[in-house]
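Working through the structure, step by step
So you can see what is in the structure, the chains are spelled out below.
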Amino acid sequence: MFEAGFRQLLVGFESGAPRILENIQKIATHGDNTRCVSVARRHGLKVKALMSLGHPGESLETIEETRRWLVEVRPFDFDVAI
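Below is a short write-up of the structure.

Conventions and cut-offs
Residues numbered from 1 in each chain as written. Predicted model: local features only at pLDDT ≥ 70, side-chain atom pairs only at ≥ 80, totals over all residues. Heavy atoms only, no water. Salt bridge = Lys/Arg side-chain N within 4 Å of Asp/Glu carboxyl O. Helix = DSSP H or I, 4+ residues; strand = E, 2+ residues; numbered from the N terminus. Buried < 20%, exposed > 50% of the residue type's maximum accessible area, 1.4 Å probe, protein only.

Section: the pattern of salt bridges
Two side chains with opposite charge may pair up if their charged atoms get near one another. By the definition in use, this model includes six salt bridges. In this structure, Asp77 and Lys48 form a salt bridge, with 3.8 Å as the shortest nitrogen-oxygen distance. On the criterion of sequence distance, the pair formed by Asp77 in strand 3 (residues 77-81) and Lys48 in strand 2 (residues 46-52) is long-range, its members being 29 residues apart. In this structure, Arg68 engages Glu64 in a salt bridge whose closest nitrogen and oxygen atoms are separated by 3.7 Å. Placement of both Arg68 and Glu64 in helix 3 (residues 60-73) is noted, with a separation of four residues, approximately one turn of the helix. Among the residues examined, Glu64 registers a relative accessible area of 27% and is labelled partly exposed. Salt bridges linked by common partners bring Lys48, Asp77 and Asp79 together as one network.

Here it is as structure tokens:
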């Protein structure tokens, strides 16, 4: 992708909380999302994580899981929608 001119990916990860990903029936898992950022970075691509809060089952705990995930994987940038 880098050779084709791509420099940044915007990815709708939605949440860093596995329970929320299951609740909203995302096909990608927490591990898939983490791996996505790692693979992109390895190939010279920046990742902007598109996150959202307020899904069914959202709580302070799941919001904190999302915050921890963002700190752990360190995407280039992120947006959060409510």
